[in-house]
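One letter stands for each residue in the lines below.
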Amino acid sequence: TFCFSRYISIGNTVVENIVNMRELGGIVTQQGMQIKTNKLFRAGNPSVASDKDREYLQRLDLDEVIDFRADNEKRNSEKVFAEYFNWVAQPIFTGDLSGFFSSGFTNKKAIQVMSTVYQRFPIDFQSQFRYLLKQAEQGKTLLYHCTAGKDRTGFASLLLLSALDVDFDTILEDYLSSNNAVAGLKKQIADFMDNEIDDEAINAILGVSADYLDNSLQMIN
């Protein structure tokens, strides 16, 4: 059961600060089997965790925290948090989006940018996604994430759930759940946004769309 408000709950555990976190456990495959719980977790940047969040993550006995962020998305302050985990960098650079949060950035432009990003995922970053799949194949307990936990992490979840024979409607439902985290993401980037920026453009960048994922699927096909 997930609750995407200020707090995100996984089972009976409440995560306070980590945006867009949930697990794949409990999802039922087309063969009627259920993905194991407490094995595969997806999230936005976990380094913003409160002490309570960090203690919860430690109890998960994660074999690896796989980080899809590029170097320019990371901060020196994260090093203290990282010392508690086996943090593995698999960077996927999709461009510096910070410049888009200014006046004049339109909804049309935002959709074009996101479409291009999704077209690149299955072509330019095969080694990074292959790494995640190989670790999961070995039965490791994983938390994989990017900054918002919706695009790179969302595409990675598509690959994982497809490999586990989950039907596409269920995959899409999990993917679109990231739209529940838009409000929290807006708070995180408030300092970077121009007050005059079109709200639809912000939502296009911070949210997800079935059309975005379709851009990746078209490239794969």
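Quick caveat: nothing in here was measured; it's all calculated off a predicted structure.

Student: What is the right way to read the overall build of the protein chain from this model?
Tutor: Across its full length, the protein chain carries nine helices and seven strands. In the protein chain, buried positions account for 47% of the 221 residues. Across the protein chain, contacts joining residues at least 24 apart in sequence account for 69% of those joining residues at least 6 apart. About 11,000 Å² of surface is accessible on the protein chain, with carbon and sulfur atoms providing 47% of the total.

Student: I would appreciate a short explanation of the nonpolar core in the present structure.
Tutor: Counting 43 residues, the largest nonpolar core has Phe 68, Tyr 118, Phe 121, Phe 129, Leu 132 and Tyr 144 as the members making the most contacts within it. If you list the elements that add at least two residues to this core, you get α3 (107-124), α4 (126-137), β7 (142-145), α5 (152-163), α6 (168-176), α7 (182-188), α8 (199-206) and α9 (210-220). The greatest single-element share of this core, amounting to six residues, is contributed by α3. Judged by nonpolar contacts, the second largest core, of 15 residues, contains Phe 41, Ala 43, Leu 62 and Phe 85.

Student: Looking at this structure, how should I read the side chain of Asp 151?
Tutor: Relative to the assigned elements, Asp 151 resides in the loop between β7 and α5. Polar contacts involving the side chain of Asp 151 include one to the side chain of Tyr 118, which spans 2.5 Å. Within the structure, Asp 151 has its side chain in polar contact with the side chain of Lys 150 (distance 2.5 Å). Look past the residues within four positions of Asp 151 in its chain and what remains in contact with it is Met 114, Tyr 118, Phe 121, Cys 146, Gly 207 and Val 208.

Student: Explain the packing of α3 against α8 to me, please; I cannot follow it from the model alone.
Tutor: Geometry of a packed helix pair, given as the angle between the helix axes and the separation of the axes. Across the interface, α3 lies against α8 with an axial gap of 8 Å and an inter-helix angle of 10°. The orientation of α3 with respect to α8, classified from their angle, is roughly parallel. Contact residues: Asn 107, Ala 110, Ile 111 and Met 114 in α3; Glu 200, Ala 201, Ala 204 and Ile 205 in α8. For the contact of α3 with α8, a count of residues per class yields six nonpolar, one polar and one charged.

Student: Would you mind showing me how to read the sheet that holds strand β6 (residues 87-89) here?
Tutor: The strands making up a sheet associate through hydrogen bonds between their backbones, and the pairing can be parallel or antiparallel. One open sheet accounts for five strands, arranged β3-β4-β7-β5-β6; its pairing is mixed. Every interior strand has two partners, whereas the edge strands, β3 (22-23) and β6, have only one. Relative to β6, strand β5 (residues 64-67) runs parallel, the two being bridged by three bridges. Bridge pairing in β6 links Val 65 to Trp 87.

Student: What is the right way to read the pattern of salt bridges from this model?
Tutor: Pairs can form between side chains of opposite charge once their charged atoms are near each other. Under the defined criterion, the tally for this structure stands at 12 salt bridges. As a salt-bridge pair, Lys 74 and Asp 67 come within 3.9 Å of each other at their nearest N and O atoms. The partner of Asp 71 in a salt bridge is Lys 74, with the nearest N and O atoms 3.9 Å apart. Classification of Asp 71 as exposed rests on a relative accessible area of 61%. The partly exposed category is assigned to Lys 74, whose relative accessible area is 26%.

Student: Which parts of the structure should I look at to understand the confidence of the model for the protein chain?
Tutor: Note: predicted coordinates in regions of low pLDDT should not be interpreted at a detailed level. Mean pLDDT for the protein chain: 89, with 86% of residues reaching 70 or above. Per-residue pLDDT stays below 50 along residues 1-7; that stretch engages in 18 contacts with residues further than four places along the chain or on separate chains.

Student: Explain the packing of aromatic side chains to me, please; I cannot follow it from the model alone.
Tutor: How two aromatic rings sit relative to each other is given by the distance of their centres and the angle of their planes. Going through the model one piece at a time under the given rule, you end up with nine aromatic pairs. Pairing Phe 68 with Phe 129 gives two aromatic rings, centres 5.5 Å apart and planes at 55°, and the pair type is tilted. Of the two residues, Phe 68 sits in the loop between β5 and α2 (79-82) while Phe 129 sits in helix α4, which places them 61 residues apart along the sequence. Its relative accessible area of 0% is what places Phe 68 among the buried residues. Residue class for Phe 129 comes out buried when judged on its relative accessible area of 3%. Look at Tyr 118 and Phe 121: their rings are 5.1 Å apart centre to centre, the planes differ by 65°, and that puts the pair in the edge-to-face class.

Calculation criteria
The numbering scheme is per chain: residues are counted from 1 as the chain's sequence reads. Local features in a predicted model are, by the rule used here, given only for residues with pLDDT of at least 70; side-chain atom pairs are given and counted only at 80 or more, and totals for whole chains, interfaces and linings are based on all residues. With hydrogens and water excluded, all non-hydrogen atoms of the structure serve as input to the side-chain values. Counting from the N terminus, the helices are the DSSP runs of H or I reaching at least four residues and the strands are the DSSP runs of E reaching at least two. Burial status follows relative accessibility: with a 1.4 Å probe on protein chains alone, a residue under 20% of its type maximum counts as buried, one over 50% as exposed, and anything between as partly exposed. The contact criterion used is simple: two residues touch if any of their non-hydrogen atoms lie within 4.5 Å. Accessible surface is estimated by sampling points in the Shrake-Rupley manner with a 1.4 Å probe; for residues, cover comes only from the protein chains shown. Nonpolar cores were defined as sets of buried Ala, Val, Leu, Ile, Met, Phe, Trp, Tyr and Cys residues, with membership established by side-chain atoms within 4.5 Å. Two N or O atoms count as a polar contact when they lie within 3.5 Å, although within protein this holds only if one can serve as hydrogen donor and the other as acceptor, and sequence-adjacent residues are included solely when both atoms are side-chain atoms. An axis is simply a line fitted to the C-alpha atoms; with a helix, the fit covers only the stretch in contact. Between two such axes, the angle follows the N-to-C directions and lies from 0 to 180 degrees. Our angle categories are set so that under 35 degrees counts as roughly parallel, over 145 as roughly antiparallel, 65 to 115 as roughly perpendicular, and the remainder as oblique. Residue polarity is assigned by list, with Asp, Glu, Lys and Arg as charged and Ala, Val, Leu, Ile, Met, Phe, Trp, Tyr, Cys and Pro as nonpolar; anything else, Gly included, falls into the polar class. DSSP calls a pair of strands paired once it identifies at least 2 bridges connecting them. We count a salt bridge whenever a side-chain nitrogen from Lys or Arg sits within 4 Å of a carboxyl oxygen from Asp or Glu. Note on scores: pLDDT gives the predictor's confidence for each residue, bounded by 0 and 100. Pairing of aromatic rings covers Phe, Tyr and Trp, the last counted by its six-membered ring, and requires centre-to-centre distances within 6.5 Å; plane angles under 30 degrees mean stacked, over 60 mean edge-to-face, and any other angle means tilted.

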